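Below are the chains, spelled out letter by letter.
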Amino acid sequence: MKKGLIPIALGTIVTATGVALDSKQSKKYKCQRNDYTSMVGTLLIGVGAAHILLGTIDMIRE
């Protein structure tokens, strides 16, 4: 198995979870101050993207 494949897979799963949480938000309801679901979704998208990026860097370096 290539090095970096596990972080890419993990990042894909985390990003998909973040997108699923954010997609439940309606355009009718703007992000409120205490809208923790939207905040968590955005955090998961960022963390997942970081995992994908770092896993890709590992694969390229190998």
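Placed above this text is the structure.
The paragraphs below set out a description of the structure included in this document. (Residues numbered from 1 in each chain as written. Predicted model: local features only at pLDDT ≥ 70, side-chain atom pairs only at ≥ 80, totals over all residues. Heavy atoms only, no water.)

**Some points on the overall build of the chain**
Alright, step 1. For the chain, the helix and strand inventory stands at two helices and zero strands.
Alright, step 2. Long-range pairs, those at least 24 residues apart, make up 68% of the contacts in the chain with a sequence separation of at least 6.
Alright, step 3. Summed over its atoms, the accessible surface of the chain is roughly 4,900 Å², and 67% of this surface lies on carbon and sulfur atoms. (Helix = DSSP H or I, 4+ residues; strand = E, 2+ residues; numbered from the N terminus. Contact = heavy atoms within 4.5 Å. Areas by Shrake-Rupley, 256 points an atom, 1.4 Å probe, with all protein chains shown as cover.)

**Here we look at helix α1 (residues 5–23)**
Along an α-helix, a turn takes 3.6 residues, which lines up residues three or four apart on a common side.
Alright, step 1. Under the 1.5 Å per step criterion, the end-to-end length of α1 is 27 Å for 19 residues, consistent within 8% with the ideal 27 Å.
Alright, step 2. For α1, the set of buried residues is Ile8, Gly11, Val14, Thr15 and Gly18. Mapping the buried residues of α1 onto a view down its axis gives an arc of 135 degrees, with all of them on the same face. Projecting away from the buried face of α1 at angles above 90 degrees are the exposed residues Ile6, Ile13 and Ser23.
Alright, step 3. If you follow the buried residues of α1, they end up packed against α2 (36–61). (Expected span 1.5 Å × (residues − 1). Buried < 20%, exposed > 50% of the residue type's maximum accessible area, 1.4 Å probe, protein only. Arc of directions from axis to C-beta.)

**Side note on α2**
Alright, step 1. In this model α2 runs 37 Å from its N-terminal to its C-terminal C-alpha over 26 residues, within 8% of the 38 Å that 1.5 Å per residue would give.
Alright, step 2. Of all the residues in α2, the buried ones are Ser38, Gly41, Gly48 and Gly55.
Alright, step 3. Next to the buried residues of α2 lie α1.

By themselves, these figures tell us nothing about what the structure is for.
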